[in-house]
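Residue-level structure breakdown
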Amino acid sequence: MGVQQIRGLFNMTKKSPFTVQALFDICKQTFTPSAASPPSSQAIHKLYSLLDKIGPEEVGLKDESLEDERGHGLFGLNVFNRVDRWAQPITYVDIHEDQNFTMCMFCFPTSAVIPLHDHPGMTVLSKVLYGSLHVKAYDWVEPACIRKSEQIGHPTVRLARLAVDKVITAPHGTSVLYPKSGGNLHCFTAITPCAVLDILAPPYLEAAGRRCTYYHDYPYSSFDHAFAANGDEIVGNGKEQDYAWLAVVDTPEDLYMRPGRYMGPAIQK
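Residues numbered from 1 in each chain as written. Predicted model: local features only at pLDDT ≥ 70, side-chain atom pairs only at ≥ 80, totals over all residues. Heavy atoms only, no water.

Section: the overall build of the protein
For the protein, the count of helices and strands is three helices and 13 strands. Considering the protein as a whole, with its 269 residues, one finds that 45% of them fall into the buried category. Contacts spanning at least 24 positions in sequence make up 80% of the contacts within the protein whose residues lie at least 6 apart. For the protein, the exposed area adds up to about 14,300 Å²; of that, 53% sits on carbon and sulfur atoms. (Helix = DSSP H or I, 4+ residues; strand = E, 2+ residues; numbered from the N terminus. Buried < 20%, exposed > 50% of the residue type's maximum accessible area, 1.4 Å probe, protein only. Contact = heavy atoms within 4.5 Å. Areas by Shrake-Rupley, 256 points an atom, 1.4 Å probe, with all protein chains shown as cover.)

In structure tokens:
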């Protein structure tokens, strides 16, 4: 990443140097190998109450959503970077990661997408720091309702219930998803340049069964209706829009995230 790109995305600040440290300290106390999973409601409340106070300045970010429609900034075209914002990749910023939790940020150019994916056995807190982000999220219907097909080109699908389908614009409260509720499977689409601060606990680890899996969602009407063991239809009349069939897909080839440097206050670990 060039110097101009770093300066454009990140802005070192001296404001509230202890906020991120306090967030790290609470995460370290909350997410331990012996801790309950998911954490208690009291522990989650402490975390999202602190996250609610964090803005882009606290983590060394510049509010890119203030730039003009073309993504060239308030002062027009940047001669050092002539690539349109929507042609740029998402920037991933690693703040901290260990075996218990991850703190990270995603900086999106307009129209960038993180496709539908899951967080197996994980609790995730997300805070939109600036800009507007469309979030669409699902939870699995339990017990599992699966449609298998032996026909070539017809995927095996599983029924999911829509949990979130809205645009979040900063400033906005922290969102929390749990292993089985709150929208554990979600996708993000940037409406404007935006940034998201995430805490994931425990982090992805394929050896522990926490592999990130991607999905494609099909309208409920695309497949046969779903019925419970007692013969009742799971989805009532007029509720079809609240459900979808999800099929596992390969990791998208065009999903590329460039690494960014954390420019906020140093964290004492």
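Having put the structure on the table, let's press on.
Focus on the side chain of Ser126
Within the secondary structure, Ser126 is located in strand E4 (residues 123-130). Side-chain polar atoms of Ser126 contact the side chain of Asp198, separated by 2.6 Å. (Polar contact = N/O pair within 3.5 Å; in protein donor to acceptor, adjacent residues only side chain to side chain.)

What to know about the packing of aromatic side chains
Counted under the stated rule, the structure contains eight aromatic pairs. Taking 6.0 Å as the distance between ring centres and 5° as the angle between the ring planes, the aromatic pair formed by Tyr220 and Trp245 counts as stacked. Within this pair, whereas Tyr220 is found in the loop between strand E11 (214-219) and strand E12 (243-249), its partner Trp245 is found in strand E12, the two being separated by 25 residues in sequence. For the pair formed by Tyr220 and Trp245, the shared burial category is buried. Taking the ring centre of Trp140 as reference, the NZ or CZ of Arg158 above it sits at 4.4 Å. (Phe/Tyr/Trp six-rings, centres within 6.5 Å; stacked < 30°, edge-to-face > 60°. Lys NZ or Arg CZ within 6 Å of the ring centre and 35° of its normal.)

Let's talk about the sheet that holds strand E1 (residues 90-97)
Two pairing modes exist for strands in a sheet, parallel and antiparallel, and in both the strands are linked by backbone hydrogen bonds. If you trace the six strands from one edge of the open sheet to the other, you get E8-E4-E10-E2-E1-E13, paired in mixed fashion. Of all the strands in the sheet, the pair left with one neighbour each is strand E8 (175-177) and strand E13 (257-260). Going from strand to strand, the sheet's axes swing by 25° on average, the running direction of each strand aside. One ladder, built from three bridges, connects E4 with E8; its direction is antiparallel. Its bridge partner lying in E8, Val124 is registered against Leu177. (Pairing = 2+ DSSP bridges. Axes fitted to C-alpha atoms, helices over the stretch in contact; angles between N-to-C directions.)

Points about the confidence of the model for the protein
Mean pLDDT over the protein: 84, with 83% of residues reaching 70 or higher. Taken element by element, the predicted model of the protein shows its lowest mean pLDDT in helix H1 (residues 3-9) (43) and its highest in strand E5 (residues 132-140) (98). Here residues 1-15 is a poorly scored stretch, pLDDT under 50, and it has 35 contacts once near neighbours within four places are set aside; other chains count. Segment residues 68-86: pLDDT under 50, and 24 contacts once partners within four positions in sequence are set aside and those in other chains are kept. (pLDDT = per-residue confidence, 0-100.)

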